[in-house]
Amino acid sequence: MSKEEQHIKQESGLECFKAELTEKDFGVFSKFIYSEYGIKMPPVKRIMLQGRLLRRIRELKMNSYSEYKDYFFSKEGQEKELLHFLNVVTTNKTDFFRESVHFIFLNENVLPNYIENKNNGVFKVWSAGCSSGEEPYTISIVLNDFALNRPNFKFSILGTDISTQMLERAAKGVYQASRVESIPYELKRRYFLKSKDTSNPTVRVSPQLQKNLSLNYLNLMDSVYGVNDQFDVIFCRNVLIYFDRNTQEKVINKLCYHLKKGGHFFIGHSESLSGMNVPLKHIKPTIFEKL
Ligand SMILES: C[S@@+](CC[C@H](N)C(=O)[O-])C[C@H]1O[C@@H](n2cnc3c(N)ncnc32)[C@H](O)[C@@H]1O
């Protein structure tokens, strides 16, 4: 039994829960997750999924994984359970200023060029796979700071994800104080409000950081994205890693459809676009420009 599963069992009083997610049932879930959301779920992940579904099975007062599977694939289950299931299967690790080279590039190259070219519209950024909001809020910090001495600079940020739980957290904008420890003091002072509760120190993002940010559910596997905008920058970091190469290529092409010519595209440091047929020019490792 995995540590995660042990922990959930103890926490939920399910120590006596003996059922297991059989290889066959795991295969059914794995096929579904891949075809609908592009997420690879190889057999080594069976115990992980078993552990993660346990809490949900308890909440639904069910007795086995097969009962859960039958419910999940029923008409009612597909309507009511899908979002809960997505919250369980997605990996949402993220951080403020994660892979900071992108934010430095945004601040030192992309934004000055934008101003130099006398663009006077709205500078638009999309954080695709935004998880609990640390990425779009970091973008917001950089853009708000850039706007401090440039009152005419207008911007908007879109954050999208398939995990509604993460989107709710993002919308709330409240984080454990330890998560912002490494952010420079001046930025913390400007953009975060400290809670008064010393027993559970948290911070809340300032209204200024939320002002130009919208958060929406969007599945990157959808054939077309319900997004009308053309973006100056797209962050799609540490999301592609869960997709196979063919899916990655399709997703990037769909995202690029919404990226302005000359706009920038950022991917995560363990991701690569080499050999892919996508309209992007390599600028620096993990940084691309739309052709
Ligand atoms: C590891 S997090 C990365 C968060 C952030 N981009 C970062 O780099 O810190 C990956 C996010 O991608 C989301 N995701 C996975 N599959 C997706 C899909 N098909 N469509 C949209 N978002 C997806 C997950 O819910 C998760 O929140």
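The model shown is predicted, which means the values in this text are computed figures rather than measured ones. Here the residue numbers are simple positions, counted from 1 along each chain's written sequence. Where local features are concerned, this predicted model is filtered to residues with pLDDT of at least 70; where side-chain atom pairs are given and counted, the filter is 80 or more; whole-chain, interface and lining totals use all residues.

(A) Geometry of the domain arrangement of the protein. The domains assigned to the protein are domain 1 (3-89) and domain 2 (101-290). Those domain boundaries reflect an automatic or database domain assignment. With centres defined by C-alpha atoms, the gap from domain 1 to domain 2 works out at 31 Å. For the side of domain 1 that touches domain 2, the secondary-structure elements that each account for two or more residues are α2 (23-37) and α6 (82-89). Tallying contributions element by element places α6 first for the side of domain 1 that touches domain 2, with three residues. Working definition: helices are DSSP H or I runs of at least four residues, strands are E runs of at least two. Numbering for both runs from the N terminus.

(B) Inspection of helix α8 (residues 134-147) at higher detail. To estimate the expected span of a helix, count its residues, drop one, and scale the result by 1.5 Å. Given a rise of 1.5 Å per residue, 14 residues ought to cover 20 Å, and the 20 Å separating the end C-alpha atoms of α8 matches this to within 8%. Among the 14 residues that make up α8, 11 are buried, leaving the element largely enclosed by the rest of the structure. Put simply, a residue is buried when 20 or more other C-beta atoms lie within 10 Å of its own C-beta and exposed when 12 or fewer do; between those, it is partly exposed, and each C-beta is set from the backbone. All of the buried residues along α8 are Glu134, Glu135, Pro136, Tyr137, Thr138, Ile139, Ser140, Ile141, Val142, Leu143 and Asn144.

(C) Spatial organisation of the packing of helix α7 (residues 101-116) against α8. Helix axes use the C-alpha atoms of the stretch in contact, all axes being lines fitted to C-alpha atoms, and the angles between their N-to-C directions lie in the range 0 to 180 degrees. Close contact between α7 and α8 brings their axes to 10 Å; oriented N to C, the two are set at 35 degrees. Seen from above, α7 lies across α8 with right-handed handedness. For the pair α7 and α8, the contacting residues are Phe103, Leu106, Asn107 and Leu111 in the first and Thr138, Val142 and Phe146 in the second. Charged residues are taken to be Asp, Glu, Lys and Arg, nonpolar residues to be Ala, Val, Leu, Ile, Met, Phe, Trp, Tyr, Cys and Pro, and polar residues to be all remaining types, Gly included. The class makeup of the residues in the contact of α7 with α8 is five nonpolar, two polar and no charged. Working rule for handedness: look at the near helix, and if it is turned counterclockwise from the far one by less than a right angle, call the crossing left-handed; if clockwise, right-handed. Think of it this way: build a C-beta for each residue from its backbone, and any pair within 7 Å is a contact.

(D) Examining the site of the ligand more closely. Nearness between a residue and a molecule or strand is assessed with a C-beta atom placed from the backbone; a distance within 6 Å qualifies. Not every one of the 24 residues close to the ligand is listed here, only the nearest: Thr90, Thr94, Gly129, Ser131 and Leu220. Looking at side-chain class alone, the shell around the ligand contains eight nonpolar, 11 polar and five charged residues. Mapping the shell around the ligand onto the domain boundaries places at least three of its residues in each of domain 1 (3-89) and domain 2 (101-290).

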